[in-house]
Every structure is written in structure tokens, then in C-alpha cells.
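Here is how the chains run, residue by residue.
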Amino acid sequence: KQEVTQIPAALSVPEGENLVLNCSFTDSAIYNLQWFRQDPGKGLTSLLLIQSSQREQTSGRLNASLDKSSGRSTLYIAASQPGDSATYLCAVRPIAAGNKLTFGGGTRVLVKP
Amino acid sequence: DTGVSQNPRHKITKRGQNVTFRCDPISEHNRLYWYRQTLGQGPEFLTYFQNEAQLEKSRLLSDRFSAERPKGSFSTLEIQRTEQGDSAMYLCASSATSGSGDEQFFGPGTRLTVL
């Protein structure tokens, strides 16, 4: 059974510092991995999708890497801003599990001005 | 707005009552998913439709839960005889089978509180 872990569960950084968020998964047989942002009491906003054949994806200040063989993905957010404060979730789409996503528990980020 | 929409956004009900939620996916998306999220946890998969066919159901979906997507467009999720343990955020997502690599786009969710 696929398990997804995000450590740490919470992170606090001063404004301007780069953020590094980690995601690990137990089964490397995945179609893709998605990173999401969730604001309190809101739905999920898709940030980046990395296909299993890709090593990284970039969008603006965001860069996500994928090392499928070691079961790891990292989300980098450059020059953090207070508006980046949110919970960040990663999710994998396991090959053995059809089309559903398996989520980690999220990392709650606070960027202090 | 062309994103995924969900109604209502909030629902408060008494234990034992039935509730129904609606999800309208992105119009060209043929796949629709329901997830449930409790406080401090990541979402958990409940069920999935491709067009009008319900192709997969989680064991989390007890017989008190039923989902439909009658014309392959909007979907409803009904919970009968609600229990306090049903209190959660219910999230709907949609995706297309080609082009975007099956990227799932989520709606704002329906927050259910069972008293």
C-alpha cells in the first residue's frame, strides 16, 4: 500500500528565505506526483504536476524535483513572502491504484514578515 | 469562472439527518473524484467517475454514502443518517483523460458539521 509522508509537519521562516518542502513515498510505481497549496478552510490549488518520466517542473518561484527511485520529491519556493503562508500537500497517483491520488499529511508553512 | 464548483460551501446538520452535496466539474473534464479531509490530515479518496460510470469506491464509503453522476456532468454525494464522525471537508476534483497528464483540479469544498 502506498504511503506518503511529509516532514516537517510545520515550518516557520522569515520573509525572503528559500523554502524547502519534502515529500516521500513508499512505492516508486507512480504515474505522477502533484503539489498543492491549501489555505485555511479552503480547497486545494494545484501548483505543479510532475510526470513519472520527468525530473523537475518549474513555475515562477516554484520548482519541484522528483527522484522516483528513492521515493522523494522536493518543492522549492524561492524568496518566500508572507502570502506563501499556507499548507502544502503532495500527492502521488500510484499505478496500482487506478486514478485516485494518495496524499501526504501536509506541511504547514508560516512566512514571517 | 471555469473552475470546479461545489455547493453548499457549509452545511450544519443534526445527527441522523440526510445531506446532499453537489459538484460541478470543469466542463470539458470527463473524470470526477470525491475526497474527504479531516482537520490536520491530507484528503482521502472516496470515489471516482469516468463520465457517468462510477468506476471505483473506497472502503471508506460505507453503505450510508452514495454518489451519482447521472449525465456525466455534475455529481451529487449523499450521506444518509449522518453521524458525528462524518464531520469533515468534502472535496470534489475533476480531470481530463488527455493533455494535462490527468492533473486533478479541486473545488473549494463543502464543510460538513454534524451536531
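Residues numbered from 1 in each chain as written. Chains lettered and ligands numbered in written order. Predicted model: local features only at pLDDT ≥ 70, side-chain atom pairs only at ≥ 80, totals over all residues. Heavy atoms only, no water.

**Observations regarding the interface of chain A and chain B**
Quick reminder of the rule: Any two residues whose heavy atoms approach within 4.5 Å are treated as being in contact. Accessible area, probed at 1.4 Å, shrinks when two parts are joined; the buried area is that loss added up over both. What counts as a salt bridge is simple: a side-chain nitrogen of Lys or Arg found within 4 Å of a carboxyl oxygen of Asp or Glu. Two N or O atoms form a polar contact when they lie within 3.5 Å of each other; inside protein one atom must be a possible hydrogen donor and the other a possible acceptor, and for residues adjacent in sequence the pair counts only when both atoms belong to side chains.
Across the contact, 21 residues belong to chain A and 22 residues belong to chain B. It is A:L44, A:N99 and A:K100 that lose the most area in chain A upon contact with chain B, and together they represent 31% of the buried surface on that side. Residue A:R93 is joined to B:D102 by a salt bridge in which the shortest nitrogen-to-oxygen separation is 3.2 Å. Summed over the shared surface of chain A and chain B, the result is 10 residue pairs in polar contact (both at pLDDT 80 or more).

**Observations regarding the sheet that holds strand β8 (residues 75-79) of chain B**
Strand pairing in a sheet relies on backbone hydrogen bonds. The paired strands run either parallel or antiparallel. All names here are of chain B. For clarity, the cut-off: At least two DSSP bridges between two strands are needed for those strands to be called paired. Strands are runs of DSSP state E lasting at least 2 residues, helices are runs of H or I lasting at least 4, and numbering of each runs from the N terminus. Lines are fitted to the C-alpha atoms to define the axes, a helix being fitted only along its stretch in contact, and any angle between axes, read from their N-to-C directions, falls within 0 to 180 degrees.
The strand order across the open sheet formed by four strands is β1-β3-β8-β7, and the pairing between neighbours is antiparallel. Only two strands of the sheet have a single neighbouring strand rather than two, namely β1 (5-7) and β7 (65-68). Neighbour to neighbour, the strand axes of the sheet diverge by 15 degrees on average, direction disregarded. Two strands pair when backbone bridges link them, and β7 and β8 are joined in this way by four bridges, in the antiparallel orientation. In the strand pairing of β8, S66 is matched with E78.

**Looking at the sheet that holds strand β6 (residues 56-59) of chain A**
Residues and elements named next belong to chain A. Pairing is antiparallel in the open sheet, where five strands are placed in the order β1-β3-β8-β7-β6. Two strands bound the open sheet, and with one partner strand each, they are β1 (4-5) and β6. Pairing geometry for strand β3 (residues 19-25) and strand β8 (residues 72-77), over six bridges, is antiparallel. For V20, the partnering residue across the bridge sits in β8 and is Y76.

**Points about the pattern of salt bridges**
Where charged atoms from two side chains of opposite charge approach closely, those side chains can pair. All names here are of chain A. Here is the rule: Relative accessibility thresholds used throughout: buried, under 20% of the residue-type maximum; exposed, over 50%; partly exposed, between the two (1.4 Å probe, protein chains only).
Evaluation of the coordinates by the stated rule reveals eight salt bridges over all chains. Residue D39 is joined to R37 by a salt bridge in which the shortest nitrogen-to-oxygen separation is 3.0 Å. Under the relative-accessibility criterion, D39 is labelled partly exposed at 28%. Judged by relative accessible area, R37 falls into the buried class, the value being 18%.

**Some details on the nonpolar core**
Going by this rule: Side-chain atoms within 4.5 Å are what join buried Ala, Val, Leu, Ile, Met, Phe, Trp, Tyr and Cys residues into a set we call a nonpolar core.
A:F25, A:L33, A:W35, A:L75 and A:Y88 are the most contacted members of the largest nonpolar core, which totals 22 residues. For this core, the elements supplying multiple residues, two or more each, are β3, β4 (30-38), β5 (44-51), β7 (62-67), β8, β9 (86-94) and β11 (107-112) of chain A. If we ignore the near neighbours within four places in the chain, the residues touching A:L75 are A:L19, A:V20, A:L21, A:W35, A:L47, A:L48, A:L62, A:N63, A:A64 and A:Y88. Listed in part, the 19 residues of the second largest apolar core include B:F21, B:I79, B:C92 and B:L112.

**So, the pairing of strand β5 (residues 44-50) of chain B**
Residue and element names in this part refer to chain B. Burial analysis of β5 places five of its seven residues in the buried class, which makes it a mostly covered element. Sheet topology note: the strand β4 (residues 31-37)/β5 ladder contains six bridges and is antiparallel. When the bridges of β5 are listed, W34 appears paired with T47. Where β5 lies against strand β6 (residues 53-57), four bridges are found, and the strand directions are antiparallel.

**Quick word on the layout of surface pockets**
Convention followed: Space inside and on the surface of the protein is sampled on a 1 Å grid over the protein atoms alone, with a cavity defined as a set of points where a 1.4 Å probe fits but cannot get out and a pocket as an open set with protein on both sides within 12 Å along at least 5 of 7 lines; lining residues have an atom within 4 Å of a point. Grid points are joined across faces, edges and corners, and a volume is the space filled by probe spheres set on the points. Classes in brief: Ala, Val, Leu, Ile, Met, Phe, Trp, Tyr, Cys and Pro nonpolar; Asp, Glu, Lys and Arg charged; the others, Gly included, polar.
Here the largest pocket is characterised by a volume of approximately 710 Å³. Forming the boundary of the largest pocket are 23 residues, of which A:K1, A:Q2, A:K100, A:L101 and A:T102 lie nearest the centre. Taken together, the residues that form the lining of the largest pocket break down as nine nonpolar, eight polar and six charged. Quantified by volume, the second largest pocket comes out at close to 390 Å³. Forming the walls of the second largest pocket are 22 residues, and the residues nearest its centre are A:Q38, A:T87, B:Q37, B:L39 and B:G40.

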